[in-house]
Amino acid sequence: MPRGSAMGMTITEKILAAHAGLGRVSPGDIIEVTVDRALANDITAPLAIETFREIGAVEVFDKEKIILVADHFVPNKDIASAEQVKKMRGFARLQGIRHYYESGDAGIEHVILPERGLVGPGQVVVGADSHTCTYGALGAFSSGVGSTDLGAVLATGFIWLKVPPTIRVEYTGRLQPFVGGKDLILFTIGMIGVEGALYSALEFGGSAVRGMAMHHRFTIANMAVEAGAKNGIFEPDDITKTYVKETSGPEAGYFTSDADAVYSRVIAIPLDGLEPQVAFPHSPANVRPVSKVGTVPVDQVFIGSCTNGWYEDLREAASVLKGKKAAKGIRLIVIPGSPAIYLRALREGIIETFIDAGAVIGPPCCGPCLGGHLGILASGERAVSTTNRNFIGRMGHPESEVYLSNPAVAAASAVLGRIGDPRELKD
Amino acid sequence: MTGDKPGKIWKFGDDVDTDLIIPARYLNVSDGKELAAHCFADVRPEFSREATVGDILVAGKNFGCGSSREHAPLALKASGIKVIIAESFARIFYRNSFNIGFPLLESSEAARALTAADRVTVDIATGEIKRESDGAVFSTHPIPAFMRELVDAGGLVPYLRKKRGGT
């Protein structure tokens, strides 16, 4: 009998085994897996392309499986950034890569890939961007890698991986108003720490996840890396299937974890009393409930990013801002995650609500999240941001501060001029 | 790589993220030397001026967390850092480093004991770390065999070229 043949497998192990041509895999095994989708962006693709050439490769392994998105420093913020995009664009043309997205055709990579049905359940997706873990929301094995790894994948279509142990997070209970995926993941990271899931798969489940809308799942899976995880993953269900059908996404397989799957740790998180969460500088694990924030005046509010740039996030923020104005002196910046989201928000009056509230609307891209452009902080300034990282200097000057929150809290904070609870605004 | 003269230590704490190693505003280039000029620009501005070939970086837990930017290990390698010794490493940083032939050693013992005032010799092959002042030897987790092959080859690119060449 092969070792452990009686034991069940987790969804992560099943997807990896299927892509390694093996009947089963166990945590710690080093395996070579086939890659269904390989992703890079304007920051990471140039280095990956260099690697591809240095290996001596001429053609990419499969031009239909490679996705290149210019989203970080676009519209090109300076000459050096323009050169980076030019290099990526030239490579895409030379190789005949159809899934090359730039300018009005682009948007944030982790939003447009699911939205356009380019990734799906059961796939192995690797991307030269740490937030590639987002697609685990669809029941894919999806993980961030560096440029050299990605360059090798472009050439070979394979990657070596160590099978991670899986930590299962069980969410139970009902979500309070103004509480969503962002609060669940911030609370979880606060509980286990920024290395709490180091080298592990983070599997999200439990009764509260059943019925949970996809945008919440994307937000949760997106920030798995903030706990050090290799991948975040949800078992696909009817909600996943509906989303995949609506987006005409690929269906490599609807895997679920066996009842007797082996977990390195199981964490139960009841949500009944959970308030909106705020991560204080300079760690996503430095989390407090919004009622315990105290008085923290802010200079800037940013709503957007691969974490919270979804249509539903904008709708939630607009519902808080409707008929109100950002406080005097507050810079409110809103960046929709994709052109499709932008257009829908425009048609439904959501963008109008933002502009009436005093917001600046940016083009779909990563924006100020990583301190690239479109809203950099000066020394001593504070921002509330719906993004994923609040490290020192993340959004600008090393003496600036970033507080992470959900879109409703960010919107309320813009009106209040300090970090606040949307429930304070009820009139 | 063995028997080198002892290296100077740059000491850091826990959870050093890749935004600290190389802030995103410098990511519009990919060249190691250009990146090295901005390494730790926000928290240790003296690093880019003073780090020299053979220096050693010692840190706490979860070194290299955050973004997948390979520019972080590239900048450190181009700064002359010979090896990083830490209690633990974030996983993407770990892969990226070995992929560019930049060795990392995990040792809680050494990471806690060594200070910026120490000088150490490090044998990458055996993982032995020796402090010059008192001859103290620190043990490390051995580098997995597959990763050793990568370091020996000089990184993933030469490793794959060798494989493709069939030699």
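Above: the structure in question.
Residues numbered from 1 in each chain as written. Chains lettered and ligands numbered in written order. Predicted model: local features only at pLDDT ≥ 70, side-chain atom pairs only at ≥ 80, totals over all residues. Heavy atoms only, no water.

Caption draft 1: Structural view of the sheet that holds strand S5 (residues 119–123) of chain B. Across the sheet, which stays open at both edges, the seven strands sit in the order S4-S3-S2-S1-S5-S6-S7 (chain B) with mixed pairing between neighbours. Bordering the open sheet on either side are strand S4 (104–106) and strand S7 (137–138) of chain B, each of which pairs with just one other strand. (Pairing = 2+ DSSP bridges. Helix = DSSP H or I, 4+ residues; strand = E, 2+ residues; numbered from the N terminus.)

Caption draft 2: Structural context of the interface of chain B and chain A. In this complex, chain B contributes 40 residues to the contact, which on the side of chain A involves 46 residues. Buried area between chain B and chain A, summed over both chains or domains, comes out near 3600 Å², and the portion from carbon and sulfur atoms is 57%. On the chain B side of the contact with chain A, B:Asn28, B:Arg91 and B:Arg95 bury the most area, a combined 21% of that side's loss. Applying the counting rule to chain B against chain A returns two salt bridges. Here A:Arg394 and B:Asp19 are joined by a salt bridge, their closest N and O atoms 2.9 Å apart. For the pair chain B and chain A, the number of links is 19 residue pairs in polar contact (both at pLDDT 80 or more). For the side of chain B that touches chain A, the elements supplying multiple residues, two or more each, are helix H1 (18–21), helix H4 (71–78), helix H5 (91–99), helix H7 (145–153) and helix H8 (156–165) of chain B. With six residues, H5(B) is the largest single contributor of residues to the side of chain B that touches chain A. The class makeup of the residues in the side of chain B that touches chain A is 17 nonpolar, ten polar and 13 charged. (Contact = heavy atoms within 4.5 Å. Buried area = accessible area lost by both parts, 1.4 Å probe. Salt bridge = Lys/Arg side-chain N within 4 Å of Asp/Glu carboxyl O. Polar contact = N/O pair within 3.5 Å; in protein donor to acceptor, adjacent residues only side chain to side chain. Nonpolar A, V, L, I, M, F, W, Y, C, P; charged D, E, K, R; others polar.)

Caption draft 3: Main features of the pattern of salt bridges. Evaluated as defined, the whole model comprises 25 salt bridges over all chains. Note that B:Asp152 and B:Arg148 form a salt bridge whose closest N and O atoms lie 3.9 Å from each other. A residue pair is termed a helical-turn pair when its members lie 3 or 4 positions apart in one helix, as B:Asp152 and B:Arg148 do in helix H7 at four residues. Overlapping salt bridges, with partners in common, bring together A:Arg168, A:Glu170, A:Glu203 and A:Glu235 in one network.

Caption draft 4: Region of interest: the nonpolar core. Grouped together as the largest cluster of nonpolar side chains are 103 residues, with contacts concentrated most on A:Leu68, B:Phe40, B:Leu57, B:Phe63, B:Leu76 and B:Ile84. For this core, the leading source of residues is helix H2 (residues 45–55) of chain A, giving six residues. When residues of this core are assigned to domains, at least three map to each of domain 1 (11–268) and domain 2 (277–425) of chain A. Excluding residues within four positions of it along the chain, B:Leu76 makes contact with B:Ile21, B:Cys39, B:Phe40, B:Phe47, B:Leu57, B:Phe63, B:Ile81, B:Ile84, B:Phe93 and B:Phe102. Core analysis: the next-biggest nonpolar cluster, separate from the first, contains 99 residues, A:Ala106, A:Phe280, A:Val384 and A:Ala414 among them. (Core = buried A, V, L, I, M, F, W, Y, C linked by side-chain atoms within 4.5 Å. Buried < 20%, exposed > 50% of the residue type's maximum accessible area, 1.4 Å probe, protein only. Domains from an automatic or database assignment.)

Caption draft 5: A look at the sheet that holds strand S10 (residues 231–234) of chain A. All names here are of chain A. Ordered in space as S10-S9-S8-S11, the four strands form an open sheet in which the pairing is parallel. The open sheet is flanked by S10 and strand S11 (265–270), the only strands paired with a single partner. In this sheet, adjacent strand axes meet at a mean angle of 20° when their direction is disregarded. Of the strand pairs in this sheet, strand S8 (residues 166–172) and strand S9 (residues 201–205) are connected by five bridges, and their pairing is parallel. (Axes fitted to C-alpha atoms, helices over the stretch in contact; angles between N-to-C directions.)

Caption draft 6: Examining the pairing of strand S2 (residues 37–41) of chain A more closely. All names here are of chain A. Burial within S2 is extensive, with five of its five residues counted as buried. Side-chain alternation along S2 places Arg37, Leu39 and Asn41 on one buried face and Ala38 and Ala40 on a second face that is also buried. As judged from the three bridges shared by S2 and strand S5 (residues 124–127), these two strands associate in the parallel manner. The partner of Leu39 across the bridge, within S5, is Gly127. Both S2 and strand S3 (residues 66–69) contribute to a ladder of four bridges, which runs parallel. Residue pairing for S3: Asn41 is matched across the bridge by Val69. Between the parallel pair S2 and S3, the chain is carried across by H2, and the sense of this crossover is right-handed. (Right-handed = clockwise from strand over helix to strand, strands pointing away.)

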